[in-house]
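These are the residues of each chain, in order.
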Amino acid sequence: MSKIFVVGIGPGEYEQMTIRAVNALQSCDVIVGYTVYVDLVKEHFAKENEFSPRPCGKGSGAVRMAFEEAKKGRSVAMICSGDAGVYGMAGLMLEIGQEYPDIPVEVIPGVTAALGGGAVLGAPLIHDFCLISLSDLLTPWGKN
């Protein structure tokens, strides 16, 4: 089945992934993501999946490769740490996905690093807070 899942794998440990994320990864033929993220999930999904690790910073090439795999009738997961929509791959997948209108894209949320880290510390986010990314990997400094 041609489909793309954009999956937030959480803050790093398999036990912190959502059940929905685990189910999506188990259902996929191919898992694509930065090498470190693929290494985090590989041992738990090695029997069901083919893996395509990518070096960090090569986002659009990996996205296009994921869509090309889906065009072959395969289900593909693009994984990212934390939540796919919080400085993850969801935006880029949906943007490039407009070039592949016949391939559905489903975003699977994950636990952000801020929430995972907050749980380790207790409850530091109990009151008002905001999150700001200071990385320029996807958004150049001039646009921030």
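No experiment lies behind these values; they were computed from the predicted model shown.

Enquirer: Give a detailed account of the overall build of the protein chain, specifying residues and quantitative values.
Expert: The helix and strand inventory of the protein chain stands at five helices and five strands. Scanning the protein chain from its N terminus toward the C terminus, one meets helices and strands in the order β-α-β-α-β-α-β-α-β-α. Expressed as lengths along the three principal axes of its C-alpha atoms, the size of the protein chain is roughly 45 × 40 × 25 Å. In the protein chain, which comprises 144 residues, the share counted as buried stands at 40%. As displayed, the protein chain offers around 8,100 Å² of accessible surface, 56% of which is attributable to carbon and sulfur atoms. Distance from the positive charge centre (11 side chains) to the negative charge centre (16 side chains) of the protein chain: 7 Å.

Enquirer: Could you give me a rundown of helix 1 (residues 19-27), with the residues and numbers involved?
Expert: Inspection of helix 1 places Ala21, Val22, Ala24 and Leu25 among the buried residues, and these make up the whole buried set. Across the axial projection of helix 1, the buried residues extend over an arc of 165 degrees, all falling on one side. Where the residues of helix 1 are buried, they touch strand 1 (3-8), strand 2 (30-34), helix 2 (35-45), strand 4 (75-80) and strand 5 (105-108).

Enquirer: Give me the lowdown on the pattern of salt bridges, citing residues and values where you can.
Expert: A complete count under the given rule lists six salt bridges for this structure. Two residues, Arg20 and Glu106, come together in a salt bridge whose shortest N-O distance is 2.9 Å. Pair noted here: Arg20 is in helix 1 and Glu106 is in strand 5, with a separation of 86 residues, a long-range link. The class of Glu106 is partly exposed, set by a relative accessible area of 24%. The partner of Arg74 in a salt bridge is Glu69, with the nearest N and O atoms 2.7 Å apart. You can call Arg74 partly exposed: its relative accessible area is 21%. With a relative accessible area of 11%, Glu69 lands in the buried category. Look at the salt bridges and you will find they share partners, linking Lys3, Arg20 and Glu106 into a network.

Enquirer: Could you give me a rundown of the side chain of Lys3, with the residues and numbers involved?
Expert: Mapped onto the fold, Lys3 is located in strand 1. In this structure Lys3 comes out as buried when scored by relative accessible area, which is 17%. Within the structure, Lys3 has its side chain in polar contact with the side chain of Glu106 (distance 2.7 Å). Apart from residues lying up to four places away in sequence, Lys3 is in contact with Ala70, Arg74, Ser75, Val76, Ile103, Pro104 and Glu106.

Enquirer: Residue-level account of the nonpolar core, with values.
Expert: Residues Ile4, Val7, Leu25, Ile79, Met89 and Met93 are the most contacted members of the largest nonpolar core, which totals 40 residues. For this core, the elements supplying multiple residues, two or more each, are strand 1, helix 1, strand 2, helix 2, helix 3 (59-71), strand 4 and helix 4 (90-97). Tallying contributions element by element places helix 3 first for this core, with six residues.

Enquirer: How would you explain the packing of aromatic side chains if you had to name every residue and give the values?
Expert: Going through the model one piece at a time under the given rule, you end up with three aromatic pairs. Between Tyr34 and Tyr37, the ring centres sit 5.7 Å apart and the planes meet at 45 degrees, which makes this aromatic pair tilted. Assigned by exposure class, Tyr34 and Tyr37 land together as buried.

The rules behind these values
Numbering of residues starts from 1 in every chain and runs along the sequence as written. This being a predicted model, a pLDDT of at least 70 is required before a residue's local features are given, and a value of 80 or more before pairs of side-chain atoms are given or counted; all residues contribute to the totals for chains, interfaces and linings. The basis for every side-chain value is the complete set of heavy atoms in the structure, and neither hydrogens nor water enter the calculation. Here a helix means four or more residues in a row that DSSP labels H or I, a strand means two or more in a row labelled E, and each is numbered from the N terminus. Three labels apply to residues, based on accessible area from a 1.4 Å probe with only protein chains included: buried if under 20% of the type maximum, exposed if over 50%, partly exposed otherwise in between. Surface exposure here means Shrake-Rupley accessible area, sampled with a 1.4 Å probe, where a residue is shielded only by the protein chains that are shown. In this tally, Lys and Arg are treated as positive and Asp and Glu as negative; His is ignored, and so are the chain termini. To locate a charge, the coordinates of NZ of Lys, CZ of Arg, CG of Asp or CD of Glu are taken. An arc is given here, and it is the one of the directions from the helix axis to the C-beta atoms. Contact between two residues is taken to exist if any of their heavy atoms lie within 4.5 Å; hydrogens are not considered. Each salt bridge in this description consists of a side-chain nitrogen of Lys or Arg and a carboxyl oxygen of Asp or Glu lying within 4 Å of one another. Between N or O atoms, a polar contact is any pair within 3.5 Å; within protein, one atom must be a potential hydrogen donor and the other a potential acceptor, and residues adjacent in sequence are included only when both atoms are from side chains. Put simply, a nonpolar core is a bunch of buried Ala, Val, Leu, Ile, Met, Phe, Trp, Tyr and Cys residues held in one set by side-chain atoms that sit within 4.5 Å of each other. Two rings from Phe, Tyr or Trp (for Trp, the six-membered ring) form a pair when their centres are within 6.5 Å of each other. A pair whose planes differ by under 30 degrees is stacked, one over 60 is edge-to-face, and the rest are tilted.

Everything listed here is a matter of geometry and, on its own, says nothing about what the molecule does.
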